[in-house]
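Architecture at a glance
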Amino acid sequence: MALNIQTFKTRALTALLFVAVMLFGLLWNFWSFLLLFTVIHFGCWFEFVKLMKKIYAEKYVGYCLFGLIYITMPVLMMCSLAVEYRIYTVNIPNELIFNWVIACGIIFSIWVNDTMAYLVGSFIGKTPLTKISPKKTWEGTIGGIVLCVIVIGFLYPLIVSEFTGINIKSIHWFVIPAICAVFGTFGDLFESKLKRMADVKDSGSFMPGHGGFLDRFDSLLVAIPFVWLYVKLFI
């Protein structure tokens, strides 16, 4: 897969604006976080329903119910990961605390994996991964996963510590990006399959060079439930 410089520039410029909006929503406070994922939720639903209409025509309504698992459940799980319920044993009221660390870690893991997989695949990718997504290669996929684990595992705890003073160094920050990279790739392929069935190139067009909401958040939607399960079981 040869690197298309113009495509890369378009994707990069659009991504910068996208990242700015995402960071504001993720980090400002819980309400901005909730607003951000409300927009993501309904944007994904809008495109998902359109895809179901194209694939199943008049029978699409029943298939749309799958969106409750594919879209709504992961969004709710993400919101639950962003709050921490603190229980006190003295005369202090229990409270919900906004905690963006895990949620941001998931999103950054997806971003790093996507970027590294694209770059590695562009430069050395030769072996097609699957017919579902012909541009993806085994080299890019494996390179993305490995580099995602390394970058997030070593750098993310340092960044969090630098800005918050909180030490989150842990083996968990090597496991979480691995989960995100692996299951995020399956999420990408699943959405690619839906687009092939609907005979469309992109799920939408709100981001030039990146497509629609589902194109941008397909990996995230599938990765979240597995990270949520890991967090609840082991952290």
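See the structure shown above.
This one's a predicted model, so the numbers in the text were calculated from it and none came from an experiment. (Residues numbered from 1 in each chain as written. Predicted model: local features only at pLDDT ≥ 70, side-chain atom pairs only at ≥ 80, totals over all residues. Heavy atoms only, no water.)

As for the overall build of the chain
Counted only if it meets this: Only runs of H or I of at least four residues qualify as helices and only runs of E of at least two qualify as strands under DSSP, and these elements are numbered from the N terminus. Put simply, the radius of gyration uses C-alpha atoms, and a globule should come to 2.2 Å times the residue count raised to 0.38. Buried, partly exposed and exposed residues are distinguished by accessible area as a fraction of the type maximum, computed with a 1.4 Å probe on protein chains only: under 20%, between the cut-offs, and over 50%, respectively. Each accessible area value is a Shrake-Rupley result obtained with a 1.4 Å probe; residue values ignore everything except the protein chains displayed when judging cover. None of His or the chain ends enter the tally, which takes Lys and Arg as positive and Asp and Glu as negative. Note on charges: their place is set at NZ of Lys, CZ of Arg, CG of Asp or CD of Glu.
Per the secondary structure count, the chain includes 8 helices and 2 strands. Going from N to C terminus, the chain has its helices and strands arranged as α-α-α-α-β-β-α-α-α-α. For the chain, whose C-alpha radius of gyration is 18 Å, the value lies close to the compact-globule estimate of 18 Å for 235 residues. Based on the C-alpha atoms only, the size of the chain along its principal axes is roughly 60 × 45 × 30 Å. Taken over 235 residues, the chain has a buried fraction of 43%. A total of about 13,000 Å² of accessible surface is found on the chain, and carbon and sulfur atoms cover 70% of it. Counting 18 positive and 13 negative side-chain charges, the chain places the averaged centre of each group 6 Å from the other.

Topic: the packing of helix α7 (residues 172-198) against helix α8 (residues 213-234)
Stated precisely, the cut-off is as follows: Here an angle of 0 to 180 degrees is reported between the N-to-C directions of two axes, which are lines fitted to C-alpha atoms, with helices fitted over the stretch in contact. By definition in this entry, angles of less than 35 degrees are roughly parallel, angles greater than 145 are roughly antiparallel, angles of 65 to 115 are roughly perpendicular, and the rest are oblique. Should the near helix be turned anticlockwise from the far one by less than a right angle, the crossing is left-handed, and should it be turned clockwise, the crossing is right-handed. In this analysis, two residues are considered to be in contact whenever any of their non-hydrogen atoms come within 4.5 Å of each other. Throughout this entry, Asp, Glu, Lys and Arg are counted as charged residues, while Ala, Val, Leu, Ile, Met, Phe, Trp, Tyr, Cys and Pro are counted as nonpolar. The remaining residues, Gly among them, count as polar.
α8 packs onto α7 with a crossing angle of 140° between their chain directions and a minimal axis gap of 7 Å. The angle between α7 and α8 places the two elements in the oblique class. When the axes of α7 and α8 are compared, the crossing they make is right-handed. Together, His172, Val175, Ile176, Ile179, Cys180, Phe183, Gly184, Gly187, Asp188, Glu191 and Lys195 of α7 and Leu214, Asp215, Asp218, Ser219, Val222, Ala223, Phe226, Val227, Tyr230 and Phe234 of α8 make up the contact between the two elements. Broken down by class, the residue content of the contact of α7 with α8 amounts to 12 nonpolar, 4 polar and 5 charged.

Let's talk about the packing of aromatic side chains
Note the cut-off: Working definition: rings of Phe, Tyr and Trp (its six-membered ring) pair if their centres are within 6.5 Å, and the pair is stacked with planes under 30 degrees apart, edge-to-face with planes over 60 apart, and tilted otherwise.
Enumeration according to the criterion identifies 23 aromatic pairs in this entry. An angle of 25° between the planes, with centres 6.5 Å apart, marks the rings of phenylalanine 213 and phenylalanine 217 as stacked. Of the two residues, phenylalanine 213 and phenylalanine 217 both sit in helix α8, 4 residues apart, roughly one turn of that helix. Given a relative accessible area of 17%, phenylalanine 213 falls into the buried group. We classify phenylalanine 217 as buried; its relative accessible area is 4%. One aromatic cluster is present, formed by Phe18, Phe108, Trp111, Tyr156, Trp173, Phe206, Phe213 and Phe217 through successive ring pairs.

Quick notes on the packing of helix α4 (residues 67-81) against α8
Put simply, α4 and α8 touch, their axes get as near as 9 Å, and they point 55° apart. Here α4 lies oblique to α8, going by the angle between them. In this structure, α4 crosses over α8, and the sense of that crossing is left-handed. Taken together, the residues of α8 that come into contact with α4 (itself represented by Tyr70, Ile71, Met73, Pro74, Val75, Met77, Met78, Ser80 and Leu81) are Leu214, Asp218, Leu220, Leu221, Val222, Ile224, Pro225, Trp228 and Val231. For the contact of α4 with α8, the residue count by class is 16 nonpolar, 1 polar and 1 charged.

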